[in-house]
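Summary of structural features
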Amino acid sequence: MLWTLAAINFIHIVDFMILMPLGPQLMRLFSIGPSEFSLLVSSYTFSAGASSFFGAFVLDRFDRKKILLWVYVGFTIGTLGCALSPNYPILLAARVISGIFGGLTSALILAIIGDVIPDERRGRAMGLVMSAFSFASVMGVPLGLFLASLSDWHTPFYILSALALLSLGMIFRFIPSITDHLGKEIKRPHPFEVITRVTSNGNQMRAITLSIMMMFGQFMIIPFLSPYNVANVGFTEMQLTYIYIAGGAFTIFTSPWVGKLSDKHGKLKIFTIFMVLNLLPIAIITHLGVTPIVYVLMVTTLFFVTSNGRYVPAAAIITGTAMPENRGSFLSFNSAVQQLAAGFASLIAGLIIGQNELGQLTNFNWVGYLAIFFSILCIPLARRVKVVS
């Protein structure tokens, strides 16, 4: 079951991530600037946030398996729409459709883990499923970029559409029917009650705020990592694959390791360590000029490892703030806020970043200062979040 969830997560993550390293190519082909590109990225997260918000009202009313199948059918259709897009406006619309269904996928994966895996082993389970991010980085994104360089940017989305169809079969075969949360003798709340229940729970609101701060600390940087390295640091579009191969190769091993450390030494302690370590590569990445590739890869790999290292224990902490019968609605609500925060972070960064007459990106250092500020805020906030289940 966990390997199936990891496969679903892999396809979902590649679908979201592949657009960012394709940034230099899309900006050139569509003749768009940083602000238009940031809208292309944030359109996915905004629509994912909106669908997750409304999904919070209904997720706990159904068998997890059945609703996951329906959501993934929609995601597959949206991804195929991206593959068939001939221009910027249609691609923007297709990304909105992908985001609508992709946003619900993340919440459902976390809810299934929370329902099936007990807290004492949840960190390890999270580490396995979140290793899909690493595999997406080391295999999915570089391969997608390579194929895009050989043909065009449509190719990765065609391949993702085919893989999504295969994953539908895996869901049907390996994900069990999960209905224990339906047997709880509780009154299913009205949508406004869902909102009130979360917003009136101080512990869950702190968990949601933690998600927001983490998104601002990362998604002001991540969408412009590839365009900045091409325009300012001296990478070619093909050499961008090295960043994802190196970062992903390391996190394939560190993600499960971080999950085990979280279960052994405490999720809060491991989260704090990796959050502090994450500040260093953010500071360096946003100040780079023309730099040797080897040095850049060392810094970007540290960025990948520490970013993933802080997310694994944080996901386990946030998941544990809700009881099983309300976990799906809470995680969907959290996913909505998280996606919206990522979208706003990308948009804000796109408004701050400019271009000079040489085509280089400007003001990325100021984006780095803001990302560090929001990341630091996460540390005392995480200490106030309590796991209840």
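Anything mentioned here points back to the structure above.
To keep things clear, this report deals only with the structure shown in the data block. (Residues numbered from 1 in each chain as written. Predicted model: local features only at pLDDT ≥ 70, side-chain atom pairs only at ≥ 80, totals over all residues. Heavy atoms only, no water.)

Turning our attention to the overall build of the protein chain. A count of helical and extended segments in the protein chain gives 15 helices and 2 strands. Computed over its C-alpha atoms, the radius of gyration of the protein chain comes to 20 Å, within 12% of the 21 Å expected for a compact globule of 389 residues. A sequence separation of at least 24 residues applies to 85% of the contacts in the protein chain between residues at least 6 apart. Split by element, the accessible area of the protein chain, about 15,100 Å² in all, is 71% carbon and sulfur. Of the side-chain charges in the protein chain, 24 are positive and 15 negative, and the distance between the mean point of each set is 8 Å. (Helix = DSSP H or I, 4+ residues; strand = E, 2+ residues; numbered from the N terminus. Rg over C-alpha atoms; globule rule 2.2 N^0.38 Å. Contact = heavy atoms within 4.5 Å. Areas by Shrake-Rupley, 256 points an atom, 1.4 Å probe, with all protein chains shown as cover. Lys, Arg positive; Asp, Glu negative; His and termini not counted. Charge placed at Lys NZ, Arg CZ, Asp CG, Glu CD.)

The tally for this structure, following the rule as stated, stands at 15 aromatic pairs. For the pair Tyr 244 and Phe 304, a centre-to-centre distance of 5.7 Å together with 80° between the ring planes defines the contact as edge-to-face. Here the residue Tyr 244 occupies a position in helix 11 (residues 240-265), and Phe 304 occupies one in helix 13 (residues 293-319), the gap between them amounting to 60 residues. The class of Tyr 244 is buried, set by a relative accessible area of 4%. A relative accessible area of 5% means that Phe 304 is categorised as buried. (Phe/Tyr/Trp six-rings, centres within 6.5 Å; stacked < 30°, edge-to-face > 60°. Buried < 20%, exposed > 50% of the residue type's maximum accessible area, 1.4 Å probe, protein only.)

Structurally, the position occupied by Val 276 is in helix 12 (residues 267-285). Separated by 99 residues in sequence, Val 276 and Ser 375 place their C-alpha atoms 8.3 Å apart.

Attention now moves to the nonpolar core. Within the largest apolar cluster, 119 residues are counted, with the highest numbers of intra-cluster contacts made by Leu 5, Ile 113 and Phe 157. Take this core: its biggest share by element is 12 residues, from helix 13. Excluding residues that lie within four positions of it along the chain, Phe 157 makes contacts with Asp 15, Ile 18, Leu 19, Leu 22, Thr 79, Cys 82, Ala 83 and Arg 95. (Core = buried A, V, L, I, M, F, W, Y, C linked by side-chain atoms within 4.5 Å.)

Two numbers describe how helix 1 (residues 2-17) lies on helix 4 (residues 64-84): the axes approach to 12 Å, and their chain directions differ by 35°. The handedness of the crossing between helix 1 and helix 4 comes out as left-handed. Mapping the contact onto sequence places Ile 8, Ile 11, His 12 and Asp 15 in helix 1 and Leu 68, Tyr 72, Phe 75 and Thr 79 in helix 4. For the contact of helix 1 with helix 4, the per-class residue count stands at 5 nonpolar, 2 polar and 1 charged. (Axes fitted to C-alpha atoms, helices over the stretch in contact; angles between N-to-C directions. Left-handed = near helix turned anticlockwise from the far one by under 90°. Nonpolar A, V, L, I, M, F, W, Y, C, P; charged D, E, K, R; others polar.)

All right, on to the pattern of salt bridges then. Two side chains that carry opposite charge are able to pair once their charged atoms sit near each other. Scanning all chains against the criterion turns up 2 salt bridges. The partner of Arg 95 in a salt bridge is Asp 15, and the shortest N-O contact between them spans 3.5 Å. Here Arg 95, found in helix 5 (residues 88-116), pairs with Asp 15, found in helix 1; they are 80 residues apart in sequence, far enough to count as distant. The exposure class of Arg 95 is buried, given its relative accessible area of 1%. The partner of Lys 267 in a salt bridge is Asp 263, with the nearest N and O atoms 3.8 Å apart. The class for Lys 267 is buried, based on a relative accessible area of 13%. Taking relative accessible area as the criterion, Asp 263 reaches 23% and is therefore assigned partly exposed. (Salt bridge = Lys/Arg side-chain N within 4 Å of Asp/Glu carboxyl O.)

What follows is about the packing of helix 1 against helix 5. At a minimum axis distance of 10 Å, the contact between helix 1 and helix 5 shows a crossing angle of 150°. Between helix 1 and helix 5, the crossing angle belongs to the class labelled roughly antiparallel. For the pair helix 1 and helix 5, the crossing hand works out as left-handed. Of the residues in helix 5, those in contact with Leu 2, Leu 5, Ile 8, Asn 9, His 12, Asp 15 and Phe 16 of helix 1 are Arg 95, Ser 98, Gly 102, Thr 105, Ser 106, Ile 109, Ile 112 and Ile 113. (Parallel < 35°, antiparallel > 145°, perpendicular 65-115°, else oblique.)

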